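The lines below spell out each chain.
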Amino acid sequence: MPAPVHLDPRLLRAFVTVAEDLHFTRAAARLYVAQQALSRDVRRLERELGAELFVRTTRHVTLTADGERLLPYARRVLQAQDDLLAAFGQARPLLVDLNSPGLVTGRLVLERARGLAPGEELMARYESGLTYAAAELLAGRLDVSFGRFAGLSPALRAGLGHQPVRYEPMALVLPEDHPLAGLPRVPLAALVGETVYAGAGNARTSEWTDLAHRLFEGRGIEVAAPAPLAVGEEEFQRIMDKTRNPILAVVSFPAMASTVVRPLVDPVPLSPVSLVWRKGLAHPAFDALRRAAAQVAAEEGWLRRPAGGWIPAADAAVMSVHN
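Residues numbered from 1 in each chain as written. Predicted model: local features only at pLDDT ≥ 70, side-chain atom pairs only at ≥ 80, totals over all residues. Heavy atoms only, no water.

Q: When you look at the packing of helix H1 (residues 9–21) against helix H3 (residues 35–49) in this model, what are you seeing that I'm missing?
A: A pair of packed helices is captured by two measures, namely the crossing angle of their axes and the spacing between those axes. One way to put it is that H1 packs onto H3 with a least axis distance of 9 Å and a crossing angle of 110 degrees. Relative to H3, the element H1 is oriented roughly perpendicular. Together, Arg-10, Leu-11, Leu-12, Ala-14, Phe-15 and Val-18 of H1 and Leu-38, Asp-41, Val-42, Arg-44, Leu-45 and Glu-48 of H3 make up the contact between the two elements. A breakdown of the residues in the contact of H1 with H3 according to their chemical character gives eight nonpolar, no polar and four charged. (Axes fitted to C-alpha atoms, helices over the stretch in contact; angles between N-to-C directions. Helix = DSSP H or I, 4+ residues; strand = E, 2+ residues; numbered from the N terminus. Parallel < 35°, antiparallel > 145°, perpendicular 65-115°, else oblique. Contact = heavy atoms within 4.5 Å. Nonpolar A, V, L, I, M, F, W, Y, C, P; charged D, E, K, R; others polar.)

Given below as structure tokens:
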């Protein structure tokens, strides 16, 4: 591969984004550019390097051997550029995954951080679950997320740091005419014989499904079989209306039409939430985000475990140690 005299970092960013998605349309959407413009940038990079980087067919995009060879170098160049801009106060936005719109924990921390660092740009993203977000963090496509750190594999945790933020009480989302909807709080014993939806089959949120299995084990409660993966609140509600299964959630889960949210008790199951980032992350807004998480957690009492609260032993151990 002949070395060019100069390479525009924009071309490298175009290449890396396509290499990660292996799909020009999705990559263009991530970069907020037209697909034709993205294709032109990739072709220009190939001309400058004198190498074909992708094999394109009508159905698939794959990396060539030269593309595979270029990818780690391109990522290092782009990270160095980000670090340089950050050192001179010209940092890119800090990308903060809040999991899903409407969830309270991450949103309150992000709002506080924006107040602590008004000169920085902190942008929200919504990637549904920490399992998926963790891979995005390690790839540099996200900076920070929130979720159950103990639910990640040891291989993923090895490249990530975390800061405990909250023990959030868990709840059920019930159809408003469900027999349990009339209770102000739902004892776990009242769920014996019920089948509860907890995201089974959704690869983005497997840490949540695992938590449900641990909670329901030995209690006579079943985790619902995978339902069709629904994107967007309307589709999610439509699928849940068809199955009519209670949904395992947290107490701050946003309200949906024709449903009620009821806290679970006896015991109170807790969803452990951490702020999670890739190790080595350097960004001027990152310290503000960590300070915001600590401040809000202290003010709201988020890290006080309620009497009789339930949490897996592995999660308790992880939440007692942070970076």
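Still more to cover.
Q: Honestly, the packing of aromatic side chains in this entry has me stumped. Any pointers?
A: Two descriptors summarise a pair of aromatic rings, namely the distance from one centre to the other and the angle between the planes of the rings. Across all of its chains, the model carries three aromatic pairs by this definition. Centre to centre, the rings of Phe-15 and Phe-54 are 5.5 Å apart; their planes meet at 50 degrees, and the pair counts as tilted. Of this pair, Phe-15 sits in helix H1 while Phe-54 sits in strand S1 (residues 54–56), and the two are 39 residues apart along the sequence. Assessed through its relative accessible area of 0%, Phe-15 is described here as buried. Residues Phe-24 and Phe-54 carry aromatic rings whose centres are separated by 6.0 Å and whose planes lie at 70 degrees to one another, so their mutual orientation is edge-to-face. Residue Phe-24 is located in helix H2 (residues 24–31), and its partner Phe-54 is located in strand S1; the two are separated by 30 residues in the primary sequence. (Phe/Tyr/Trp six-rings, centres within 6.5 Å; stacked < 30°, edge-to-face > 60°. Buried < 20%, exposed > 50% of the residue type's maximum accessible area, 1.4 Å probe, protein only.)

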